[in-house]
Amino acid sequence: KPAKIFFEKNLKTLLYPYSFGVFVIWVGCLLNHKYYTGDWGNISKSLIQYILMGIYGSGSYSLKLPDGTEILPIGALWFICALFICKFIFNCILSNIEHERDRTFIVAAITISGYILGKNFSQPTGIWMPFSIESGMTGLLFMYFGFLARQKNFFELFSAALPKTPIYGRESKKTRISCGR
């Protein structure tokens, strides 16, 4: 897809819900702080911290910036950032590289780079890239395998190889269970 269409679609389906989720977490934390301490605390400092939390999208690690600012983990929402990055890289590869062999090599190189970056740099130093880029790079391999499976009709071939029994949904119309259909 052209980059403009990709961004328009994924803004609506991924980044807007992600931003809303970060906002809800911020409001929930403010209300929690108010309940337990009786005051609202420093709302502007808190907002900046949650904006940074949203930008970095760390799932479970507390991060520290070079100036000492702590960035809290975002929880399960990190996955939305990683998925956006993964889809973006995947879209770039499909849009610009025609040959499957070249795509496979590039996907493998990006996946390995993401793993090495996360394991050998980010984890030991505590310096993470924003928007869960390392996780998005590593997840690219799984997205590519799914793409290849769909292109090669793997799931249809797999379901055709299964025995013809009602449990697999091949003989009975009552059973809606189907492998890959």
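None of these values were measured; they are calculated from a predicted model.

### Thoughts on helix α4 (residues 100–125)
Working step 1: In a regular helix each residue adds 1.5 Å, so 26 residues correspond to 38 Å; α4 covers 36 Å between its end C-alpha atoms and thus fits that length.
Working step 2: Looking at the buried positions of α4, the neighbouring elements they touch are α3 (78–96) and α5 (133–151).

### Quick notes on the packing of aromatic side chains
Working step 1: Across all of its chains, the model carries nine aromatic pairs by this definition.
Working step 2: Seen in terms of ring centroids, Phe7 and Phe84 are 5.8 Å apart; in terms of plane orientation they differ by 55 degrees. Their pairing is tilted. In this pair, Phe7 is assigned in helix α1 (residues 3–37) and Phe84 in helix α3, connecting sequence segments 77 residues apart.
Working step 3: Residue classification places Phe7 among the partly exposed positions, given a relative accessible area of 34%.
Working step 4: Taking the relative accessible area as the measure of exposure, Phe84 reaches 10% and is therefore buried.

### Examining α1
One full turn of an α-helix is made of 3.6 residues, so residues set three or four places apart face in the same direction.
Working step 1: The terminal C-alpha atoms of α1, which comprises 35 residues, lie 47 Å apart, in line with the 51 Å expected from a rise of 1.5 Å per residue.
Working step 2: By the largest-angle criterion, Leu11 marks the main kink of α1, which is about 55 degrees.
Working step 3: Every buried residue of α1 is accounted for by Phe6, Asn10, Leu14, Leu15, Tyr18, Gly21, Val22, Trp26 and Leu30.
Working step 4: Buried positions along α1 lie against α2 (43–56) and α3.
Working step 5: Just downstream of α1, Gly38 is the residue with a positive phi angle, here 90 degrees.

### Notes on the nonpolar core
Working step 1: Ranked by size, the top nonpolar core spans 31 residues in total, and within it Tyr18, Ile71 and Leu140 carry the most contacts.
Working step 2: Elements with a contribution of two residues or more to this core: α1, α2, α3 and α5.
Working step 3: At eight residues, the largest contribution of residues to this core is made by α3.
Working step 4: Setting aside residues no more than four positions away along its own chain, Leu140 makes contact with Cys86, Ile89, Phe90, Ile93, Val107, Ile110 and Thr111.

### A short note on the confidence of the model for the chain
Working step 1: Overall, the predicted model of the chain reaches an average pLDDT of 81, with 87% of residues at or above 70.
Working step 2: Every residue in residues 174–181 scores below 50 in pLDDT, and together they form 16 contacts with partners more than four places removed in sequence or on other chains.

### What to know about the packing of α4 against α5
Working step 1: At a minimum axis distance of 7 Å, the contact between α4 and α5 shows a crossing angle of 150 degrees. The orientation of α4 with respect to α5, classified from their angle, is roughly antiparallel. Once α4 is placed against α5, the crossing between them reads as left-handed. Contacts from Glu100, Arg103, Thr104, Val107, Ile110, Thr111, Ser113, Gly114, Tyr115, Leu117, Gly118 and Ser122 in α4 reach Glu134, Met137, Thr138, Leu140, Leu141, Tyr144, Phe147 and Leu148 in α5.
Working step 2: Here the contact of α4 with α5 is built from residues that sort into ten nonpolar, seven polar and three charged.

Calculation notes
- Residues numbered from 1 in each chain as written.
- Predicted model: local features only at pLDDT ≥ 70, side-chain atom pairs only at ≥ 80, totals over all residues.
- Heavy atoms only, no water.
- Helix = DSSP H or I, 4+ residues; strand = E, 2+ residues; numbered from the N terminus.
- Expected span 1.5 Å × (residues − 1).
- Contact = heavy atoms within 4.5 Å.
- Phe/Tyr/Trp six-rings, centres within 6.5 Å; stacked < 30°, edge-to-face > 60°.
- Buried < 20%, exposed > 50% of the residue type's maximum accessible area, 1.4 Å probe, protein only.
- Bend = angle between axes of the 7 residues up to and from the residue.
- Core = buried A, V, L, I, M, F, W, Y, C linked by side-chain atoms within 4.5 Å.
- pLDDT = per-residue confidence, 0-100.
- Axes fitted to C-alpha atoms, helices over the stretch in contact; angles between N-to-C directions.
- Parallel < 35°, antiparallel > 145°, perpendicular 65-115°, else oblique.
- Left-handed = near helix turned anticlockwise from the far one by under 90°.
- Nonpolar A, V, L, I, M, F, W, Y, C, P; charged D, E, K, R; others polar.

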